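Each chain is listed here by its residues.
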Amino acid sequence: MNLLAVRAMGSCNRSNPEAWLAGTGSPASVALVFAAIEVVMEGTLQKSLRVSLWRGGADGRYVSYEVPARESQTVLDVVTWVQRNADATLSYRFACRVGMCGSCAMTVNGRPRWTCRTHVSKVASNGQLTVGPLENLPVIKDLAADMREFFDKWQRAKGRFAPSKSRADPVERIAPDSAARRAAAAAIECINCGVCYAACDTVRWNPDYLGPAALNRAWTLVNDVRDAANLERLAAVAADGGCHACHSHQSCQEHCPLALNPTASIAGLKRASARAYLRGELKP
Ligand code: FES
């Protein structure tokens, strides 16, 4: 029996089931059929989620939607359902859906997360979900945050590799167990999702602060023996708004979906820049 038939039966007059069944079977057996159907309906009918999504720019507001609940549903599935079924003008960002590109990060029930790797069952409280754009960044529209200042800070922290060799030189061998290689390896997997930046209290207080992702990137390059711009990089990250502005609250480490530890990278930059200063390589 399909769901439509079940619904049709549910809406008929239960005190007179014979009328619906046109005289087939005894009233007692018909009542038994109804009882069985109720059990089936309870298991079959979809439960739904109450989802509040941020709509508009910085002066927008949360708008509520009723979304069908599904098994193994992610927060990104929920947002996509709203865009495809309730309002096609909803803006949000995603690409890979498997935790590789870092583009789907949003604020879910008050916490920055990758929405493609966050199951609704883990975060919804009483079937309620609130999803907004990443914090500490301007809002473009709806759930899409403007990442420009995030990547500008990457540039300010000299987050680009500066080769010390040309392609004519032989490939440089890096010992996998060297201290510098291991320090770089511990921080290199960052995919720039912006979760740590959105979670950082220091960014919230001090918009000039470079933030955990840019400083984490700088630390990987400081540990890259092939790089030729490390003094310049240390000067950039030791300036105002750089590593010394970090208060080590560790929100970045707590929220990083890859379990990286940008606080440790920033502490490494503090030590490296202090050493360079004591050697007279950096000016106060
Ligand atoms: Fe790529 Fe979520 S869509 S990390």
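Procedures and definitions
- The numbering scheme is per chain: residues are counted from 1 as the chain's sequence reads.
- Since the coordinates come from a predicted model, pLDDT governs what is reported: local features require at least 70, and pairs of side-chain atoms require 80 or more to be given and counted, while whole-chain, interface and lining totals use all residues.
- Secondary structure elements follow DSSP: runs of H or I of four or more residues count as helices, runs of E of two or more count as strands, with numbering from the N terminus.
- Working definition of burial: number of other C-beta atoms within 10 Å of the residue's own, with buried at 20 or more, exposed at 12 or fewer, and partly exposed in between, all C-beta atoms being placed from the backbone.
- Put simply, a nonpolar core is a cluster of buried Ala, Val, Leu, Ile, Met, Phe, Trp, Tyr and Cys residues tied together by C-beta atoms within 7 Å.
- An automatic or database domain assignment supplies the start and end points of every domain.
- Throughout, a pair of residues is in contact if the C-beta atoms placed from their backbones lie within 7 Å.
- Fitted lines through C-alpha atoms give the axes, limited to the stretch in contact for helices. The angle between two N-to-C directions lies from 0 to 180 degrees.
- An angle below 35 degrees is treated as roughly parallel, one above 145 as roughly antiparallel, one from 65 to 115 as roughly perpendicular, and anything else as oblique.
- Two helices cross in a left-handed way if the nearer one is turned anticlockwise from the farther one by less than a right angle. They cross in a right-handed way if the turn is clockwise.
- In this count, Pro and Cys sit with the nonpolar residues alongside Ala, Val, Leu, Ile, Met, Phe, Trp and Tyr, while Asp, Glu, Lys and Arg are called charged and the others, Gly among them, polar.

Regarding the environment of Arg 61
Mapped onto the elements of the fold, Arg 61 is located in strand S2 (residues 61–68). On the basis of neighbour count, Arg 61 is assigned to the exposed category, with 8 C-beta atoms found within 10 Å. The spatial distance from the C-alpha of Arg 61 to the C-alpha of Gly 132 is 9.6 Å, given a sequence separation of 71 residues.

Details of the nonpolar core
Counting 59 residues, the largest nonpolar core has Val 78, Val 79, Val 131, Leu 215, Ala 218, Val 237 and Leu 269 as the members making the most contacts within it. Mapped onto this core, the elements with two or more residues apiece are strand S1 (48–55), helix H4 (75–86), strand S3 (105–108), strand S5 (128–132), helix H8 (195–199), helix H10 (212–222), helix H11 (230–238) and helix H13 (262–278). At 7 residues, the largest contribution of residues to this core is made by H10. The two domains that each donate at least three residues to this core are domain 2 (48–145) and domain 3 (148–278). Not counting the four nearest positions on each side in its chain, Leu 215 is found in contact with Ala 157, Leu 210, Val 237, Cys 243, Pro 262, Ser 265, Ile 266 and Leu 269.

Points about the packing of H11 against H13
As a packed pair, H11 and H13 sit with axes 10 Å apart at the nearest point and diverge in direction by 110°. By the criterion of interaxial angle, the relationship of H11 to H13 is roughly perpendicular. Judged by the sense of rotation from one axis to the other, the crossing of H11 with H13 is left-handed. Across the interface between the two elements, Leu 231, Leu 234, Val 237 and Ala 238 of H11 pack against Leu 269, Ala 272, Ser 273 and Ala 276 of H13. Tallied by class, the residues present in the contact of H11 with H13 amount to 7 nonpolar, 1 polar and no charged.

So, unusual backbone geometry
For Asn 126, which is not a glycine, the phi torsion comes out positive at approximately 55°. Within the secondary structure, Asn 126 sits in the loop between helix H5 (120–123) and S5. Accessibility expressed as a C-beta count within 10 Å gives 7 for Asn 126, which makes it exposed. Even without glycine at this site, Ala 259 takes up a positive phi of about 60°. Looking at where Ala 259 falls in the secondary structure, it is placed in the loop between helix H12 (251–255) and H13.

Quick look at the environment of Lys 165
Here Lys 165 shows up in the loop between helix H6 (148–156) and helix H7 (179–187). Distance in space between the C-alpha atoms of Lys 165 and Arg 226 is 7.4 Å, their sequence separation being 61 residues. Leave out the neighbours within four places in its chain, and Lys 165 touches Glu 172 and Arg 226.

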